[in-house]
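One letter stands for each residue in the lines below.
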Amino acid sequence: MNVSVRREKIRAMLQVKPFVSLDELTQAFPEVSSMTLRRDIEFFENQGDAIKVRGGARSMKFITTSMEDSFTARLNENVSAKERIVAKACEIIDPGRSIFFDSGTTMLTLAREIPDERVTITTTGPNVALELIKKHRPIVNIVGGMLNRDNISVVGNQALGCIDEINIDVAFIAPSGFSEGGVTCGNYTECELKKMVIKKARRVVLLLDVSKLDKILPYTVCGLDMIDIIITDSDLPSIITQEAKKNGTQIILA
């Protein structure tokens, strides 16, 4: 069996199964070495059809649904709230720091409004990076990897590797969903990346407009105990404010 035929068979497996294990592939292709099959998995990851995980591959068909409205639609929603939130966020940005900007429409607003100071900003949003380089002083890094069309964000193992190599003083995170249970999102690979950013950051700042409240998506990014500051445009439910107080999370009302 030649390479193209084998990979078409693997592609068909990824279309019907959320997870394809290396053991399954070994059984399906006994004449092929496990190292070659691992290279096949890497091929499909580079094609955007799968992500390599321990013991096999996860099919992107089953994990890429963001469960959010389109980026263009969100861009024109809650504009005033985003601007107020971003104004407060700008007060936290000090010159000379290493900062992370999440992807999303709120981050695009933040990129437009930040002072033109000498800071190093790493982002997963290509459009956020393009907005940032309109200024003269920030140093702008964009992680490499696979582009998620839903959120215009870079995700995947390559992106995780980029984040793993940097230090982050302040991480600005924009949630897809938020409740007393914490931050959630609808994309598995984006969730994994946000988790790594939060783990590496010295301070985590959540930029939360109230349209994200009580919106619970499939993948949990973190609980309130991992968030240092929440900047929001309206009073939060008492159950959240109580949980925030218990965890030492500061709430700033914009």
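Above this note sits the structure.
Everything numeric in this text was worked out from a predicted model, so none of it was measured.

Re the overall build of the protein
Helix and strand content of the protein: 10 helices and 15 strands. The buried share among the 254 residues of the protein stands at 49%. Contacts in the protein between residues at least 24 apart in sequence constitute 61% of all its contacts with a sequence separation of at least 6. Carbon and sulfur atoms make up 49% of the accessible area of the protein, which totals about 12200 Å².

What to know about the nonpolar core
Counting 28 residues, the largest nonpolar core has Phe 100, Ile 173, Phe 178, Val 197, Ile 227 and Ile 230 as the members making the most contacts within it. Where this core is concerned, the elements lending two or more residues are helix 8 (157–164), strand 9 (168–173), strand 11 (182–185), helix 9 (188–200), strand 12 (201–208) and strand 13 (219–222). If near-sequence neighbours (up to four positions away) are discounted, Ile 227 is found in contact with Phe 178, Val 183, Val 204, Leu 206, Cys 222 and Thr 249. One finds Ile 92, Met 107, Ile 121 and Ala 174 within the second-largest nonpolar core, a separate group that totals 25 residues.

Focus on the sheet that holds strand 10 (residues 177–179)
Taken together, the three strands give an open sheet; going across it, the order is 10-11-13, and neighbouring strands pair in antiparallel fashion. Edge strands, defined here as strands with exactly one partner in the open sheet, are strand 10 and strand 13. Ignoring strand direction, the axes of neighbouring strands in this sheet form an average angle of 35 degrees. The pairing of strand 10 with strand 11 spans three bridges and is antiparallel. By the bridge assignment, Gly 177 is partnered in strand 11 with Thr 184. Seen against the sheet, helix 9 touches strand 11 and strand 13 and runs at an angle of roughly 15 degrees to strand 13.

What to know about the packing of helix 5 (residues 79–90) against helix 6 (residues 105–113)
Packed helix pairs are characterised by how far apart their axes lie and by the angle those axes make with each other. Here helix 5 crosses helix 6 at 55 degrees, and the two axes come no closer than 9 Å. What the angle tells us is that helix 5 and helix 6 run oblique. Note on packing geometry: the crossing formed by helix 5 with helix 6 is right-handed. Counted together, Lys 82, Glu 83, Val 86, Ala 89 and Cys 90 of helix 5 and Thr 105, Thr 106, Thr 109, Leu 110, Arg 112 and Glu 113 of helix 6 form the full contact between these two elements.

Brief notes about the pattern of salt bridges
A side chain with one charge can pair with a side chain of the opposite charge if their charged atoms come near. The final tally for this structure, using the stated rule, is 15 salt bridges. Put simply, Glu 8 and Arg 11 hold a salt bridge, and the shortest N to O gap is 3.5 Å. With Glu 8 and Arg 11 both in helix 1 (residues 3–16) and three residues apart, this pair spans about one turn of that helix. With relative accessibility at 23%, the residue Arg 11 sits in the partly exposed group. Note that Lys 52 and Glu 42 form a salt bridge whose closest N and O atoms lie 3.2 Å from each other. Of this pair, Lys 52 sits in strand 2 (residues 50–53) while Glu 42 sits in helix 3 (residues 34–47); the two residues are 10 residues apart in sequence, bridging distant segments of the chain. Here Lys 52 falls in the partly exposed class, since its relative accessible area comes to 34%.

Digging into the packing of aromatic side chains
In the structure shown here, the tally under the stated rule is three aromatic pairs. A centroid spacing of 5.7 Å and a plane angle of 90 degrees characterise the contact between Phe 101 and Phe 172, whose relative ring orientation is edge-to-face. Remark: Phe 172 occurs in strand 9 and Phe 101 occurs in strand 4 (residues 98–101); sequence separation between them is 71 residues. For Phe 101, a relative accessible area of 0% corresponds to the buried category. Relative to Tyr 219, the ring of Tyr 188 lies with its centre 5.7 Å away and its plane at 75 degrees, an arrangement referred to as edge-to-face. With Tyr 188 in helix 9 and Tyr 219 in strand 13, the pair connects residues that are 31 residues apart, well separated along the chain. For Tyr 219, a relative accessible area of 23% translates into the label partly exposed. The ring of Phe 43 has Arg 7 sitting right over it, with the charged end atom 4.2 Å from the ring centre. Arg 58 extends its terminal NZ or CZ atom over the ring of Tyr 188, reaching a point 4.9 Å from the ring centre.

Rules used throughout
- Residues numbered from 1 in each chain as written.
- Predicted model: local features only at pLDDT ≥ 70, side-chain atom pairs only at ≥ 80, totals over all residues.
- Heavy atoms only, no water.
- Helix = DSSP H or I, 4+ residues; strand = E, 2+ residues; numbered from the N terminus.
- Buried < 20%, exposed > 50% of the residue type's maximum accessible area, 1.4 Å probe, protein only.
- Contact = heavy atoms within 4.5 Å.
- Areas by Shrake-Rupley, 256 points an atom, 1.4 Å probe, with all protein chains shown as cover.
- Core = buried A, V, L, I, M, F, W, Y, C linked by side-chain atoms within 4.5 Å.
- Pairing = 2+ DSSP bridges.
- Axes fitted to C-alpha atoms, helices over the stretch in contact; angles between N-to-C directions.
- Parallel < 35°, antiparallel > 145°, perpendicular 65-115°, else oblique.
- Left-handed = near helix turned anticlockwise from the far one by under 90°.
- Salt bridge = Lys/Arg side-chain N within 4 Å of Asp/Glu carboxyl O.
- Phe/Tyr/Trp six-rings, centres within 6.5 Å; stacked < 30°, edge-to-face > 60°.
- Lys NZ or Arg CZ within 6 Å of the ring centre and 35° of its normal.

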